[in-house]
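Chain residues, written in single-letter form:
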Amino acid sequence: MKLLHILTISLLYSFLSYGQDYSISGKILDTNDNVIEFANIIVYNESQSEVLKGTSTDTNGFFILNNLESSTYILKVSFIGYQTYEQKVVLTGGLDLKTIRLEDDIEGLDQVTITAKKPTLTREADRLIFNIENSALVEGSILQVLKSTPGVLVLGDEITVKNSNPTVYINDRKVQLSAEDLNQLLEGSSASSIKSIEVITNPSARYDAESGVVLNIVMSKNLILGYRGSVNTNITQGVFPRYDAGTSHFFKNKYVSFNVNYNYSKDKINRDNDDTVNFLDNSNTLEQSWNSDVNRNRWSETHNLNTNFDYFFDDKNTISLSSSALYIPYFKYSIDNSTTITDNTSDFLSRFTADNLSRDNKYNVGADLNFRHSLSKGSLVFNGHFTTYNYEKKQGVVSNFFDINNDFQSASAFNTNANQNTQIIAAQIDYSLPINESSEFEAGVKTSNIKTDSDITQFDVDLNTGNETVDALNSDAFDYDENIYAGYANYASNTDKWSINAGLRVEQTNIEGISLSTNQVNTQDYLEWFPNASVQYNISDSYNVYANYKRSIARPSYSNLNPFRFFINENYVVSGNPNLVPTFLDHAVIGTTLFNDLLVIEAYYQNYDGAISEIPRQNNATNVIEYISVNFDKTVEYGFDFGIDLYPTENWNVYFVTSIYNIEEETDFGNGFVTKSQWSNYSALNTSLTLLEDKSLNIGLSLVFNSKNIQGFQLVENRLISELAVSKTIWNKKGIVSLSVSDIFNLHDFETQTQYQNQFNRQMIDVDDRYIKLGFRYKFGNTRLESNERTNDLEERDRLNKVGN
């Protein structure tokens, strides 16, 4: 009975103490007993791998951290000019630390040291984490950071990871923009609040099935009460000058957290092409060569606005309203083309010029409403999303034709009007349940609807009278309706020896596309399952092995399913393909990390069922080259990755990654199967360090080499991408001056070649990517604050692509 009594009392005590919240409080003074106002108080978990809570001292130097569970914590107190105070706290009840005194941080100003604020690499079973906080990279744009991220390749408007287009997230929320708009957003957004880039090659079932590879941009969290802000501006000199400016503001108190970010950019971007199309006869022998010199210029003014508002009802309930807006009121695009036509002996036959001028107007506005409720064990998150996207394009093309004697022969002209309006509505519920200290279960459901209405009208123009006549064959209207219903379950467990993540996602897709002029109806109705699994075994603190597998989907973009034919000139057209079907990808990886993440070795295999790729197809009878997206019958990629993260000295960091891989593509274009295979190499070398006693000078250098490779039956030649970034803090670290140089060796330009069956063409592309950028940022308010900046997203919005190029 005595033992039973003791057990009863123990159980009752455990029950009463379960769920109780404790606090840590105290007062911060200097060694002269002066109050330190706005000192930062941060609580970490015992391993210091995660920040749990934060606050700052009031005008009397007092602080209090509430709602802490019984556990062991690391408490850190910091303020500019004082040494950081650190204390281990075992919390079993309310704790008053009384008075904490900070010691002065005395620096010898005549002493010069080298201390690295370095990007670091962390490899996990399902992702690579590139930590850049406080490095020189944060003074550039987000796009510059991505260019320096190992495994990420930026070619023009296209971002690729292992030859596939990743889904871009910011703070685990997807950015819903077309490739071109996304590029403009990332180029015009400051990287100053970025903590890390996560290259997630095996996303869990919580992510949409279309997220085969995820680039998650992790922003620093806003933990400290108060206000901070910044203004920034950059001037870039490439072929033409470009300008951008922005401002960010962050505020947090006990009940509210709010941030707003605005960026404006004014650009003129140049691009030169040297194109050759070799038109063949019925025996695939050269008949004519069309050599084109093409100059493209793009003028644009872009406004980006992102806001996030959190209201904390109490410790268990939070509501958030987030919005993102991209507005491009001015977008002008000119294409000046001069084409010379020669016969198979290189004798001149004729030539023509084509001048194309287009003006666009578009906006993309998205809003999310989130409600998070913390249960006694676990949490529920409700999300509602709405996006509206509008795009208008007006194009005029004039062509002049000259005969074999180079005498003017004739002229022609046409105009094109294209419009697209898209609405997206989605709702999602996510449930998270901690099973114990080392494992968690997640489940959720989602539904989304996308409606897009688009039309294109082409007019033939009489150059004598200016009268327009509708070209019915090249005019159309297209209505698209897509519904996706999804559910998922995911289990994760992390112990000292094992890390396991396994999940299953199921998605039902219903699509209907209607061409109003032809009454052509395209319907797709399919139910698909998407499993994923990853496992990591830690042999010791220094060695581990891991493996993962994921199945994902890539749906055709709305414009790719649109049957429109958009003519750039009379012999160059971009076409949609209503017969496209989704791509299904199986991706498997095995790997190991050695010597405390010093060396990483991986082998991977990717099989694409119906890979979608936009390729050039020349019609040798009509002398028209058409860019159209098609499904390939077979695409297989496999290879080996090696990564090393070195510290040649205590203060200097160098990391190097290299991938040796093979891509094989195969499909039947109607004249028998075509097969292409190519071994290639991708390598990236990055180094960074910080100079001076006050750590105010940061330097970073990035080199990326991509050898000859194939992309959509096109052979892409070698390319070396280089960038140097330098930043210097001034004015007591409130001001930052930055300088970056891109394409140091003038090797960013590249060449593509297509040669199989009756296809024979090439492109030499000179991109406007060699520039010098000078920037300045000024921080004000409580500059010790960290940001929780978010950008909202939905899986569906990234398929908002414009009509034409």
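Every value quoted in this text rests on a predicted model; they were computed, and no experiment measured them. (Residues numbered from 1 in each chain as written. Predicted model: local features only at pLDDT ≥ 70, side-chain atom pairs only at ≥ 80, totals over all residues. Heavy atoms only, no water.)

### Structural notes on the overall build of the protein chain
Each helix and strand counted, the protein chain has four helices and 45 strands in total. When burial is assessed residue by residue, the protein chain has 53% of its 805 residues classed as buried. The contacts of the protein chain with a sequence gap of at least 6 include a subset with a gap of at least 24, amounting to 66%. (Helix = DSSP H or I, 4+ residues; strand = E, 2+ residues; numbered from the N terminus. Buried < 20%, exposed > 50% of the residue type's maximum accessible area, 1.4 Å probe, protein only. Contact = heavy atoms within 4.5 Å.)

### Overview of the pairing of strand β16 (residues 226-237)
The side chains of a regular strand alternate between both faces of the sheet. Relative to strand β17 (residues 241-252), β16 runs antiparallel, the two being bridged by twelve bridges. Bridge pairing in β17 places Ile235 opposite Tyr243. Note: β16 against strand β45 (residues 771-781), ten bridges, orientation antiparallel. By the bridge assignment, Gln237 is partnered in β45 with Ile772. (Pairing = 2+ DSSP bridges.)

### What to know about the nonpolar core
As a rule of thumb, nonpolar side chains are buried together in soluble globular proteins. Membership of the largest hydrophobic core comes to 34 residues, with the highest contact counts inside it found for Tyr480, Ile553, Ile568 and Tyr572. Ranked by the residues each element gives to this core, the list is headed by strand β20 (residues 317-343), at six residues. Val152, Val161, Val213 and Leu215 belong to the second-largest nonpolar core, a separate cluster that totals 20 residues. (Core = buried A, V, L, I, M, F, W, Y, C linked by side-chain atoms within 4.5 Å.)

### Considerations on a nonpolar patch on the surface
Together, Ile601, Tyr605, Tyr638, Phe640, Phe642, Ile660 and Trp679 make up a nonpolar patch on the protein surface, roughly 640 Å² of accessible area in all. With respect to the helices, strands and loops of the structure, Ile601 is situated in strand β32 (residues 599-609). (Patch = residues over 30% accessible without salt bridge, like charges linked within 9 Å, V, L, I, M, F, W, Y side chains within 5 Å. Areas by Shrake-Rupley, 256 points an atom, 1.4 Å probe, with all protein chains shown as cover. Salt bridge = Lys/Arg side-chain N within 4 Å of Asp/Glu carboxyl O.)

### Topic: the sheet that holds strand β34 (residues 624-631)
Overall, mixed pairing links the four strands, which are arranged β29-β30-β34-β33 in an open sheet. Edge positions in the open sheet fall to β29 (565-569) and β33 (612-619), since each of these has one partner strand only. Each adjacent strand pair in this sheet contributes to an overall mean axis angle of 25°, direction not counted. (Axes fitted to C-alpha atoms, helices over the stretch in contact; angles between N-to-C directions.)

### Observations regarding the pattern of salt bridges
Counted by the stated rule, this structure contains 18 salt bridges. Salt-bridge contacts for Glu210 lead to Arg555; the nearest nitrogen and oxygen are separated by 3.4 Å. Here the residue Glu210 occupies a position in the loop between β14 (194-200) and β15 (214-219), and Arg555 occupies one in the loop between β28 (544-554) and α4 (558-561), the gap between them amounting to 345 residues.

### Side note on unusual backbone geometry
Even without a glycine there, the phi angle at Asn406 is positive, about 65°. Mapped onto the secondary structure, Asn406 falls in the loop between β22 (379-402) and β23 (408-436).

### Considering the environment of Ala603
Among the secondary structure elements, Ala603 is positioned in strand β32. Sequence separation between Ala603 and Ala547 is 56 residues; the distance between their C-alpha atoms is 9.5 Å.

### A few points about the pairing of β34
Across the eight residues that make up β34, a large majority, seven, are buried. As defined by bridge partners, β33 adjoins β34 across eight bridges and the pair is classed as antiparallel. Bridge assignment links Pro616 to a residue of β34, and that residue is Tyr627. Between the antiparallel neighbours β33 and β34 lie four residues, among them Asn623 with a positive phi of about 60°.

### Things to note about the side chain of Arg296
One can find Arg296 in strand β19 (residues 286-312). Put simply, Arg296 is tucked away with no salt bridge, and the nearest opposite charge, on Asp275, sits 5.4 Å away. A polar atom in the side chain of Arg296 sits 3.3 Å from the side chain of Tyr333. (Lys, Arg positive; Asp, Glu negative; His and termini not counted. Polar contact = N/O pair within 3.5 Å; in protein donor to acceptor, adjacent residues only side chain to side chain.)

### What to know about the sheet that holds strand β5 (residues 71-78)
Spatially, four strands are ordered β3-β2-β5-β6 in an open sheet, and the strand pairing comes out antiparallel. Both outer strands of the open sheet, β3 (51-56) and β6 (85-91), are each paired with one neighbouring strand and no more. Averaged over neighbouring strand pairs, the angle between their axes works out to 20° when direction is ignored. In this sheet, β6 lies alongside β5 in antiparallel orientation, the contact comprising seven bridges. Within the sheet, the bridge partner assigned to Ile74 lies in β6 and is Lys88.

### Some remarks on the confidence of the model for the protein chain
The predicted model of the protein chain averages 84 in pLDDT, with 85% of residues at 70 or higher. Segment residues 1-19 is flagged for pLDDT under 50; beyond a separation of four residues in sequence, or across chains, it makes one contact in the model. For residues 106-119, every residue scores under 50 in pLDDT, and the model assigns this stretch 39 contacts once sequence neighbours within four places are set aside. (pLDDT = per-residue confidence, 0-100.)

### Here we look at the environment of Asp368
Inspection of the secondary structure puts Asp368 in strand β21 (residues 348-374). Here His385 takes part through its side chain, which lies 2.7 Å from a polar atom of the side chain of Asp368.

### Some points on the packing of aromatic side chains
Scanning all chains against the criterion turns up 22 aromatic pairs. With a centroid separation of 5.5 Å and an interplanar angle of 70°, the aromatic rings of Tyr543 and Phe595 are classed as edge-to-face. Highlighted residues: Tyr543 in the loop between β27 (520-538) and β28 and Phe595 in the loop between β31 (583-594) and β32, separated in sequence by 52 residues. One aromatic cluster in this structure is built from Tyr227, Trp731, Phe776, Tyr778 and Phe780. A cation over a ring is seen here: Lys76 above Tyr44, with NZ or CZ 5.0 Å from the ring centre. For Lys332, the ring lying beneath its charged end belongs to Trp299, and the centroid distance is 4.3 Å. (Phe/Tyr/Trp six-rings, centres within 6.5 Å; stacked < 30°, edge-to-face > 60°. Lys NZ or Arg CZ within 6 Å of the ring centre and 35° of its normal.)

### Here's the deal with the side chain of Gln606
Position of Gln606 among the secondary structure elements: in strand β32. For Gln606, a relative accessible area of 1% gives the class buried. Only 3.3 Å separates the side chain of Gln606 from the side chain of Tyr608, close enough to count as a polar contact.

### Quick look at the environment of Phe279
For Phe279, the position within the fold is in strand β18 (residues 256-280). With 342 residues separating them along the chain, Phe279 and Ala621 place their C-alpha atoms 8.4 Å apart. What Phe279 contacts, discounting residues up to four positions off in sequence, is Thr285, Leu286, Glu287, Gln288, Trp290, Gln618, Asn619, Asn620, Asn623 and Val624.

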